Amino acid sequence: MPVIYPPIDHWIWLIPAILIGACIGSFLNVVIYRIPLGMSVNKPKRSFCPICKNQLSIWQNMPVVSWLCLRGKCAHCRAPIPFRYIAVEILTGVLFGLVWWNFPPQIALFLWVLMALLVVITYIDAEHLIIPTNLTWAGSLIGLIGCAVWPEISELAGYNMSWIDGLVDGGIGWVAGFFGLWAVVELGKKAFGRKEMKFDKEVDWQLREPEGDEDPLCFVIGEDSVPWWDIFSRKTDKLIVDATEVVVDGEKTGGGRLIIREQDIELADGRTFQLENMVSLSGRANGAVIPREAMGMGDVHLLGMIGAFFGFSGVFFSLFSASLFALIAALIGRIGFGKQLPFGPFLAMGASAWLFGGYKLWEWYMNLVGI
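The structure displayed is predicted, hence computed values, not measured ones.

I'd love a proper account of the packing of helix α1 (residues 14-34) against helix α4 (residues 105-128), names of residues and values included.
Where α1 contacts α4, the axes come no closer than 10 Å and their chain directions differ by 35°. By crossing handedness, the relation of α1 to α4 is classed as right-handed. Residues A17, I20, I24, L28, V31 and I32 of α1 touch α4, and the partners they reach there are W112, A116, V119, V120, Y123 and I124.

Next comes the structure, spelled out in structure tokens:
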């Protein structure tokens, strides 16, 4: 007697989709923790407690269940396990289930990859204010392949297209997303690209080493502390210190205009030192000019990836809705001007909003205005 399976659109298939998503979410937690620290996601192969470094057994690493059974604490040292771990697993499971419920199987795998990338990027950007571009490059390539496999994905609010049309539309979306936001970033850099600090009296300054594995190198001047990754968004960025005293590895070198780059420093007399060969750098200063970004280049790559999946329309909708989400978050959190607010999570929210119904609003609006 032949075995009869439920049709592919039966609700029962949501269960394995959600379970797969939760398992993928467990791996995403590893990616979120290790990539900002420059660690391999494969070595060590097994997850470990960041506090006591003990590797976790299989039963201690089961998605959602282990966190609940352990009551959010490490089984070895009883250190608290951040709520983020179970949140990522649940969120990824829900997103995978929504994708499976709303889209045909031939595109579901590609969209699962997109959801996983958006989850990783959201948490890394929210915590570290960086977006790994190797993830967005890989995502852009997968998005273009997805457009060829199921061309409708690049124009959810549009019409049936051939695989070539879908690929072209995805390419146009990547160009629009990447270069459109790149132009905004460059204009913002010219208008708001540096922060000048002046002091009535000399203040101490130093490069402060990271206190923990997840902490960055910081430039400290007076009462201000600026993480290294907030200063050097691009290779041409320079931190200029109006120094009255510079102390390199305990040796005083005089004052003057000190230029600090991401990898080296240049003293007023022209001598240069590689930061990796230095033990300490400090001194006193009257002021400094700190480079800054209105928006990072990681956001540019992220919007390009979104465009590779969803075409030009998806880029426009994602950027517009992300701006609204960010504005609402700033108002609720009472975040004023000059305070950093990662934009990557809101772009991810905008892309998700487009995927799970936003394209219908776009289609309604286009019909309303007669386009």
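So that's the structure; there's more coming.
Give me the side chain of S47: which residues, what numbers.
Tracing the backbone through its elements, the reader meets S47 in the loop between α1 and α2 (65-69). Leaving out residues up to four positions away in the same chain, S47 has contacts with V30, R34, N54, Q55, L56 and N61.

Before we move on, could you go through the nonpolar core and cite the residues and values that matter?
Judged by nonpolar contacts, the single largest core of 56 residues is most densely connected at L111, I153, F310 and L355. Those elements giving two or more residues to this core turn out to be α1, α3 (84-102), α4, α5 (133-149), α6 (163-192), α8 (297-333) and α9 (344-368). For this core, the leading source of residues is α4, giving 14 residues. Among residues more than four places away in sequence, those in contact with L355 are V99, F103, L111, M115, I153, L156 and F310. Counting 25 residues, the second largest nonpolar core, distinct from the first, contains I221, W228, A243 and I265.

Which residues make up the environment of L141, and what values do they have?
Tracing the chain through its elements places L141 in helix α5. Placed 167 residues apart in sequence, L141 and A308 show a C-alpha to C-alpha distance of 7.6 Å.

With reference to specific residues and values, describe a nonpolar patch on the surface.
A cluster of nonpolar side chains, W163, I164, L167, V168, I172, F312, F316, F320 and L324, forms an exposed patch at the surface whose accessible area comes to about 890 Å². Counting residues per element, the ones that place at least two in the nonpolar patch are α6 and α8. Ranked by residues supplied to the nonpolar patch, first place goes to α6 with five residues. Relative to the helices and strands, L167 resides in helix α6.

Can you tell me about the packing of aromatic side chains, naming the residues and giving the values?
Tallied over the entire structure, the rule returns 13 aromatic pairs. Between the aromatic rings of W67 and F83, the centroid separation amounts to 5.9 Å while the plane-to-plane angle is 80°, which identifies the pairing as edge-to-face. Taken together, the residues span a long stretch of sequence, with W67 in helix α2 and F83 in the loop between α2 and α3 at a distance of 16 residues. We classify W67 as buried; its relative accessible area is 18%. Connected via pairs of aromatic rings, a cluster forms that spans W137, W174, F178 and F179. Directly above the aromatic system of Y85 lies the positively charged group of R84, at a separation of 4.3 Å from the ring centroid.

Go over the packing of α1 against α3 with me, naming the residues and quoting the values.
Relative to each other, α1 and α3 sit at 140°, their axes nearing to 7 Å. What the angle tells us is that α1 and α3 run oblique. For the pair α1 and α3, the crossing hand works out as right-handed.

Explain the environment of G93 to me, and be specific about the residues and the numbers.
Within the secondary structure, G93 is located in helix α3. Separated by 78 residues in the primary sequence, G93 and I15 place their C-alpha atoms 9.5 Å from one another. When residues no more than four places from it in sequence are discounted, the contact partners of G93 are I18, G21 and A22.

I'd like a description of the environment of E127, backed by residues and values.
Position of E127 relative to the elements: it lies in helix α4. Take E127: its relative accessible area is 41%, and that puts it in the partly exposed class.

Give me the pattern of salt bridges: which residues, what numbers.
Per the stated rule, a full pass over the model turns up six salt bridges. Of the charged contacts in the structure, one is a salt bridge between E266 and R261, with a shortest N-O distance of 2.9 Å. Given the relative accessible area of 23%, E266 is considered partly exposed. The class for R261 is partly exposed, based on a relative accessible area of 22%. Notably, a salt bridge pairs R271 with D269, separated by 2.9 Å at the nearest N-O pair. A residue is classified by how much of its surface remains accessible, and R271, at 38% relative accessible area, is partly exposed. Owing to a relative accessible area of 51%, D269 belongs among the exposed residues under this scheme. Here the salt bridges do not stand alone but share partners, grouping E202, D204 and R284 into one network.

Conventions adopted
- Residues numbered from 1 in each chain as written.
- Predicted model: local features only at pLDDT ≥ 70, side-chain atom pairs only at ≥ 80, totals over all residues.
- Heavy atoms only, no water.
- Axes fitted to C-alpha atoms, helices over the stretch in contact; angles between N-to-C directions.
- Helix = DSSP H or I, 4+ residues; strand = E, 2+ residues; numbered from the N terminus.
- Left-handed = near helix turned anticlockwise from the far one by under 90°.
- Contact = heavy atoms within 4.5 Å.
- Core = buried A, V, L, I, M, F, W, Y, C linked by side-chain atoms within 4.5 Å.
- Buried < 20%, exposed > 50% of the residue type's maximum accessible area, 1.4 Å probe, protein only.
- Patch = residues over 30% accessible without salt bridge, like charges linked within 9 Å, V, L, I, M, F, W, Y side chains within 5 Å.
- Areas by Shrake-Rupley, 256 points an atom, 1.4 Å probe, with all protein chains shown as cover.
- Salt bridge = Lys/Arg side-chain N within 4 Å of Asp/Glu carboxyl O.
- Phe/Tyr/Trp six-rings, centres within 6.5 Å; stacked < 30°, edge-to-face > 60°.
- Lys NZ or Arg CZ within 6 Å of the ring centre and 35° of its normal.
- Parallel < 35°, antiparallel > 145°, perpendicular 65-115°, else oblique.

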